[in-house]
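These are the residues of each chain, in order.
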Amino acid sequence: MPFDRIIRNGNVVTPGGTFVGDIGIVGEKIAALGTALDAAGADVIDATGHHVIPGVLDVHVHLELPFCGTVSADDYRTGTRAGARGGVTTVIDFAIPGADGSLSEAADTWMKKAEGKSLIDYTFHICITRYNEHKDQIAGMVKRGFTTFKEFMIYESEGWQSDDRALYGTLEKMKEHGAMLLVHAESSRVLDELIARHHTPELMKQHGAVLHAITRPNFIEAEAIQRVVQWSEATGGKLYIVHMSTAEGADIIRAAQGRGVPVLAETCVQYLVLDDSVFARDDGHLFACCPQLKKPADSERLWKGLKSGEVSVISTDTCTFTREQKAMWEGDWTKIPMGMPGLETLMPLTYTKGVLEGKLTLEEMCAKLSTNPARIMGLAPRKGSIAIGADADLAIIHPTRTHTVNPAEMESGADWSPFEGWELAGFARTTLSRGDVIVDDYRVVGKEGRGQWLPRTSAGLA
Ligand code: URP
Ligand code: ZN
Ligand code: ZN
């Protein structure tokens, strides 16, 4: 069979095992796996001495999000270029309805943000922010190709908050339509109370950004996860906990899965490699995100959960704000725009801190960054694995070559990085998206706007 492109002699990670050999590509698809594939007429990319892994799916990003009185600084151009440099070939963002907006209008708005800008493929989770109005629009969105929905248990001031009635009712709808509900789980009323108790000039002067951690003890996340897991157990609706940050959360998910509750969980790489000691730094407010970074013991439990299975996915929750935007806080932690950049460093961090430090095997990393997210979000078998018939979405990484994280050289719209100065292996020497080389020799070469929307017909595990 004549191939358009051959990836030659790499250490190729497939669901069936890892082998040293070749990948043959015809058009946008993987057409053959083997050794010494016939290169007549093909463009050959030498991967000798490199790992060849499936393109990463970051299934939790916010690009150009109006939030906290500003708009997040990575849009589909900078965000997807940043992702490509870290081997990301698919992103899933969250389409959030505006005041009075329908679910369909939210999807249209996010389509416009992505079209003409996105370097890689994309789709959206659809956010239900006004249950009464939105509940009867769910069926239409599933027909339109959106199978994952999202509710926030906090963010009342943004107009995004869902109460228990909404969570319960939406989970019933998920069951009816074979869809899945993603939930930001934090316990809002107790959180509001703790914030109110600490929101004094004296305490803000004394603790600064550390108040972000003081006012969000672990039970804020644990109670909310426990409660929404209960609604999933009662309704049978598929549930996925986003950005889980606590050891208690991992314990609850493990116990629920043991009872057969259809719940899955993701964590974000920052919860694995950073802890809340950063808030005491002079620039500690930069690190504020919701939920906030926790203790080293939480990171350890989340790594363990990745290994033992109750944590299925690693994502970023990319929600970039520049130093200038973060300066809006002026000493009051409740005014910090919440979120951090992450797409560019997801895989390098997971590879360096996970694989090279022996916490995950290379194959387990590929499961958590590619294969699981694709299956869970209804994008398999097209995405997430190196397999015949799949899209030729690939990352070629050197096993040990490191780059220093330097915001001035990065693709992200951020002028800082939580990981500035870190030496990380795992940046993509080459990234392919549907057979196109979009990163070559560590530099982005792909054309913006080439990314495609990915319709879906399923979600969750069977
Ligand atoms: O701080 C964060 N995580 N910002 C983005 C919004 C969210 O809660 O995911
Ligand atoms: Zn969230
Ligand atoms: Zn988020």
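Residues numbered from 1 in each chain as written. Chains lettered and ligands numbered in written order. Predicted model: local features only at pLDDT ≥ 70, side-chain atom pairs only at ≥ 80, totals over all residues. Heavy atoms only, no water.

Strands sit in the order β6-β9-β10-β11-β12-β13-β14-β15 across an open sheet of eight strands; the sheet is parallel. Unpaired on one side and paired on the other, β6 (56-61) and β15 (313-315) mark the two borders of the sheet. Strand-to-strand, the axes of this sheet are offset by a mean angle of 30°, without reference to chain direction. Two strands pair when backbone bridges link them, and strand β11 (residues 148-152) and strand β12 (residues 180-184) are joined in this way by five bridges, in the parallel orientation. The partner of K150 across the bridge, within β12, is L182. Across the sheet, helix α2 (residues 103-114) is in contact with β9 (88-95), β10 (121-127) and β11; its angle to β10 comes to roughly 150°. (Pairing = 2+ DSSP bridges. Helix = DSSP H or I, 4+ residues; strand = E, 2+ residues; numbered from the N terminus. Axes fitted to C-alpha atoms, helices over the stretch in contact; angles between N-to-C directions. Contact = heavy atoms within 4.5 Å.)

Structurally, the protein comprises domain 1 (5-53 + 386-444) and domain 2 (55-381). On a C-alpha basis, the centres of domain 1 and domain 2 stand 27 Å from each other. Opposite the 39 residues of domain 1 that make contact, domain 2 presents 40 residues. Regarding the contact of domain 1 and domain 2, the summed buried area is about 3400 Å², with carbon and sulfur atoms giving 65% of it. Together, E411, W416 and F419 form the three largest contributors to the area buried by domain 1 at its contact with domain 2, with a combined 20%. Taking the shortest distance from any N to any O, the salt bridge between R434 and D121 comes out at 2.8 Å. At the level of elements, β1 (5-14), β5 (51-54), β16 (394-397), β18 (423-425), β19 (428-433) and β20 (436-440) are the ones that each hand at least two residues to the side of domain 1 that touches domain 2. (Domains from an automatic or database assignment. Buried area = accessible area lost by both parts, 1.4 Å probe. Salt bridge = Lys/Arg side-chain N within 4 Å of Asp/Glu carboxyl O.)

Before going further, it helps to spend a moment on the packing of aromatic side chains. Within this structure, the stated rule accounts for 12 aromatic pairs. Ring geometry for Y155 versus W160: centroids 5.7 Å apart, planes at 85°, classification edge-to-face. W160 sits in the buried class, given a relative accessible area of 6%. An angle of 65° between the planes, with centres 5.7 Å apart, marks the rings of F287 and W416 as edge-to-face. One end of the pair, F287, is in the loop between α11 (269-273) and α12 (296-308); the other, W416, is in the loop between β17 (402-404) and β18, with 129 residues separating them in the sequence. Side by side, F287 and W416 carry an identical accessibility label, which is buried. Put simply, the rings of Y76, Y122, F124, F146 and W453 pair up and form one aromatic cluster. Above the face of the F427 ring, R85 is positioned so that its terminal group lies 4.7 Å from the ring centre. The aromatic ring of W422 is capped on one face by K353, whose charged end is 5.2 Å from the ring centroid. (Phe/Tyr/Trp six-rings, centres within 6.5 Å; stacked < 30°, edge-to-face > 60°. Buried < 20%, exposed > 50% of the residue type's maximum accessible area, 1.4 Å probe, protein only. Lys NZ or Arg CZ within 6 Å of the ring centre and 35° of its normal.)

In this model, the largest pocket occupies a volume close to 470 Å³. Considering the residues around the largest pocket, the lining is formed by 20 residues, among which Y155, S157, I195, R216 and T334 are closest to the centre. It is helix α6 (residues 188-198) that provides the largest number of residues to the lining of the largest pocket, a total of four residues. When its residues are assigned to classes, the lining of the largest pocket shows 10 nonpolar, five polar and five charged. (1 Å grid on protein atoms, 1.4 Å probe; cavity = no way out; pocket = protein on both sides within 12 Å on 5 of 7 lines; lining within 4 Å. Points joined across faces, edges and corners; volume = space filled by probe spheres on them. Nonpolar A, V, L, I, M, F, W, Y, C, P; charged D, E, K, R; others polar.)

All right, on to empty space enclosed by the protein then. Counted according to the given criterion, the structure contains three cavities of 30 Å³ or more. By volume, the largest cavity amounts to about 100 Å³. Taken together, 16 residues form the lining of the largest cavity, with H62, F67, Y155, C290 and D317 sitting closest to its centre. Of the residues in the lining of the largest cavity, the class split is nine nonpolar, five polar and two charged. For the second largest cavity, the calculated volume is near 90 Å³. If you go around the second largest cavity, you meet 14 residues; those closest to its centre are P341, M410, S412, W416 and S417.

Moving on, we come to the pairing of β10. Taking burial as the measure, the seven residues of β10 include seven buried ones, the bulk of the element. In terms of strand pairing, β9 meets β10 through six bridges, oriented parallel. Looking at the pairing, D93 lines up with F124 of β10. What joins β9 to β10 is α2, and the crossover it makes is right-handed. In the sheet, β10 pairs with β11 via two bridges, with the strands oriented parallel. Counted as the bridge partner of I126 is F149 from β11. (Right-handed = clockwise from strand over helix to strand, strands pointing away.)

Between any two of four tetrahedral donors, the ideal angle at the metal is 109.5 degrees; between two of six octahedral donors, it is 90 or 180 degrees. The protein atoms donating to the zinc ion (ligand 3) are H60 (NE2), H62 (NE2) and D317 (OD), with metal-donor distances spanning 2.0 to 2.2 Å. Seen from the zinc ion (ligand 3), its four donor atoms lie at angles of 86 to 141°, and the figure they make is irregular. The sequence pattern describing where the donors of the zinc ion (ligand 3) fall on their chain is H-x1-H-x254-D. Separation of the zinc ion (ligand 3) from the zinc ion (ligand 2) amounts to 3.7 Å. (Donors = N, O, S within 2.8 Å, 3.2 Å for Na, K, Ca; no water. Tetrahedral: all angles 85-135°; square planar, octahedral: opposite > 155°, others 65-115°.)

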